[in-house]
Amino acid sequence: MKRKTFHIVSLGCAKNTVDADSMAVLLCRAGYRLITSPNQAHIIIINTCGFINTAKDDSYRTLESFAQNKKEKQLLIAAGCLTQRYGEMVIQRIPQIDAIIGTRDWQNIVGMVNNLCQNNETSDDTSSNNAPQNSCSVPRYSIQGASAYLKIADGCSRKCSFCAIPSIKGPAVSRPLQQILDEARQLQELGIKELVLIAQNSTDYGHDIGIKNGLVRLLKELTLVVPDINWLRIMYAYPGFVTDELIELMSESKQIVPYLDMPLQHSHPDVLRSMQRPANMEWVYKTLSKMRQVIPGLALRSTFIVGYPNENEEHFQSLLDFIQEIRFDKLGAFKFSYEPGTPSAVLGDPISERTKEERLGKLMAMQQQISRELNINCIGKTLHVLIEGSDDGISVGRSYRDAPEVDGLVIVKGVVPVGSFLPVRITEATEYDLFGEV
């Protein structure tokens, strides 16, 4: 084990991945060396997720595994959402952890690590420093092959009743426009072909720093600053904030992919009001219809929750009917997770796991059929594909219809260089993936 070496593991969403990479950059600037083998690393950092129960369980399992295999003089640091939310409970459950650091003070990682290395003592550095994350000058992106996640804001000012993110991340804080543009330019110089803009709520970008219709302005500036990046992709749009200006820009720009991820969470107004989410379904129908009319080839993605405490059979059937009518290209669904401290906690968790599982199964079975039919419609078409891997006579990539990590793939006959961006004729389709040839 070599001194001043570290290994970092990131769990959860792409926003966590960016935070992990930013911590790694800070440590490397301070003279520490990132290595791929945890067994050889002096310092191990686990950037946890604590959003819902399954994520918390995964974070605890990972921490416990590393704690059990921890070597003498090896340091284990728990970072991220789980430690921000539960702090001392994490240390109490896994005493082998040497230090904890939360989502609001990850930029203090170097000072923490320096102190640990000097003192070799357990440090209780919980998230007491609530300085805005964006005050740190470290780049806020994560490169994944020929794609990169670029964080445009952090935190969330929405008050969705089921969600713990505002208590974990704090209120929305938009990054300065020029910082984002400078980092996008860096990524273009590195040969990145896809830029994925991420935030807890991307359509809220700029509101807190006085930029009107901030996402539209940012996208317009990006098309001027990074003309060589093929794809600009928007993730996590909030219902009610997709403006006519954004729709028009997406229809006109060749760089902004015709893909939008808008997590709706439910379709029945009673459930949405209880969730403290936008409940104007007339707006949803009108906006989705307008987008499909104006933006050729638009791929829509959404996310839904089943088993919310006041969701009855009528509400759930309404959700199924809505999904059948809209026919989303991509869809994710989750069982309601009871989260103490959230507004919905007062409702309890009255719906049984069995009922939640049954509803989730019905919903996803319906979506699989919809997805299969929509994918079959792609047969015979030519789609540009970003190649991300190749082996054993085939290559794997994504079309504009597929966001990294959450959507399907395009499997291409033949070995094509990774990072290639080329037209592929689609010959076969399954529920989630497409097959084709160059």
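Residues numbered from 1 in each chain as written. Predicted model: local features only at pLDDT ≥ 70, side-chain atom pairs only at ≥ 80, totals over all residues. Heavy atoms only, no water.

**A short note on the pattern of salt bridges**
- A full pass over the atoms with the stated rule returns 32 salt bridges.
- For Arg327, the salt bridge identified is with Glu373, shortest N-O distance 2.9 Å. Of this pair, Arg327 sits in the loop between helix 12 (313-326) and strand 14 (330-335) while Glu373 is found in helix 13 (residues 353-376), placing the two residues 46 residues apart along the sequence.
- Here Glu437 and Arg425 are joined by a salt bridge, their closest N and O atoms 2.6 Å apart. Placement of the pair is Glu437 in strand 19 (residues 434-437) and Arg425 in strand 18 (residues 421-429), with a sequence separation of twelve residues.
- Taking the relative accessible area as the measure of exposure, Arg425 reaches 39% and is therefore partly exposed.
- Connected via shared salt-bridge partners are Asp19, Arg140, Lys151, Asp154 and Lys169. (Salt bridge = Lys/Arg side-chain N within 4 Å of Asp/Glu carboxyl O. Helix = DSSP H or I, 4+ residues; strand = E, 2+ residues; numbered from the N terminus. Buried < 20%, exposed > 50% of the residue type's maximum accessible area, 1.4 Å probe, protein only.)

**Focus: the packing of aromatic side chains**
- Counted under the stated rule, the structure contains seven aromatic pairs.
- For the pair Tyr308 and Phe336, a centre-to-centre distance of 5.4 Å together with 80° between the ring planes defines the contact as edge-to-face. With Tyr308 in the loop between strand 13 (299-306) and helix 12 and Phe336 in the loop between strand 14 and helix 13, the pair connects residues that are 28 residues apart, well separated along the chain. There is no split in this pair, since Tyr308 and Phe336 are both buried.
- Here the basic side chain of Lys4 rests over the ring of Tyr32, its NZ or CZ set 4.5 Å away from the ring centre.
- Directly above the ring of Tyr259 sits Arg233, whose terminal nitrogen or CZ lies 4.6 Å from the centroid. (Phe/Tyr/Trp six-rings, centres within 6.5 Å; stacked < 30°, edge-to-face > 60°. Lys NZ or Arg CZ within 6 Å of the ring centre and 35° of its normal.)

**Notes on the state of the cysteines**
- Scanning the model with the defined rule gives zero disulfides in all.
- As a non-bridged cysteine, Cys117 has Cys28 as the owner of its nearest cysteine sulfur, 14 Å distant.
- There is no disulfide at Cys156, and the cysteine sulfur nearest it, in Cys160, is 6.3 Å away. (Disulfide = S-S within 2.5 Å.)

**Some thoughts on the pairing of strand 17 (residues 410-413)**
- As paired elements, strand 16 (residues 394-398) and strand 17 share four bridges and run antiparallel to each other. Considered in strand 17, the bridge of Gly397 is made with Val410.
- The pairing of strand 17 with strand 19 spans four bridges and is parallel. Opposite Ile411, over in strand 19, you have Phe435 as the bridge partner. (Pairing = 2+ DSSP bridges.)

**Considering the sheet that holds strand 3 (residues 43-48)**
- Spatial strand order, 2-1-3-4-5: five strands in an open sheet with parallel pairing. Edge strands, defined here as strands with exactly one partner in the open sheet, are strand 2 (33-34) and strand 5 (99-101).
- Two strands pair when backbone bridges link them, and strand 1 (residues 5-10) and strand 2 are joined in this way by two bridges, in the parallel orientation. The residue of strand 2 that forms the bridge with Phe6 is Leu34.

**With respect to the packing of helix 8 (residues 214-225) against helix 9 (residues 244-252)**
- Interhelical geometry of helix 8 versus helix 9 gives an angle of 25° and a closest axis separation of 9 Å. Relative to helix 9, the element helix 8 lies roughly parallel. Pair helix 8 / helix 9 crosses with left-handed handedness. Taken together, the residues of helix 9 that come into contact with helix 8 (itself represented by Leu215, Val216, Leu219 and Lys220) are Glu245, Leu246 and Leu249.
- Taken together, the residues that form the contact of helix 8 with helix 9 break down as five nonpolar, no polar and two charged. (Axes fitted to C-alpha atoms, helices over the stretch in contact; angles between N-to-C directions. Parallel < 35°, antiparallel > 145°, perpendicular 65-115°, else oblique. Left-handed = near helix turned anticlockwise from the far one by under 90°. Contact = heavy atoms within 4.5 Å. Nonpolar A, V, L, I, M, F, W, Y, C, P; charged D, E, K, R; others polar.)

**Concerning the pairing of strand 14**
- Sheet analysis places strand 13 next to strand 14, joined by six bridges and oriented parallel. Among the inter-strand pairings, Arg301 is bridged to a residue of strand 14, identified as Lys330.
- You can see the chain leave strand 13, run along helix 12 and come back into strand 14, and the turn it takes is right-handed. (Right-handed = clockwise from strand over helix to strand, strands pointing away.)

**Considering the sheet that holds strand 16**
- Pairing in this closed barrel of five strands is mixed, and the strands run 15-16-17-19-18 around the ring. Pairwise comparison of adjacent strand axes, ignoring direction, gives a mean angle of 50° for this sheet.

**Observations regarding the side chain of Ser420**
- Examined against the element boundaries, Ser420 turns out to sit in the loop between strand 17 and strand 18.
- Among residues more than four places away in sequence, those in contact with Ser420 are Val385, Leu386 and Ile387.

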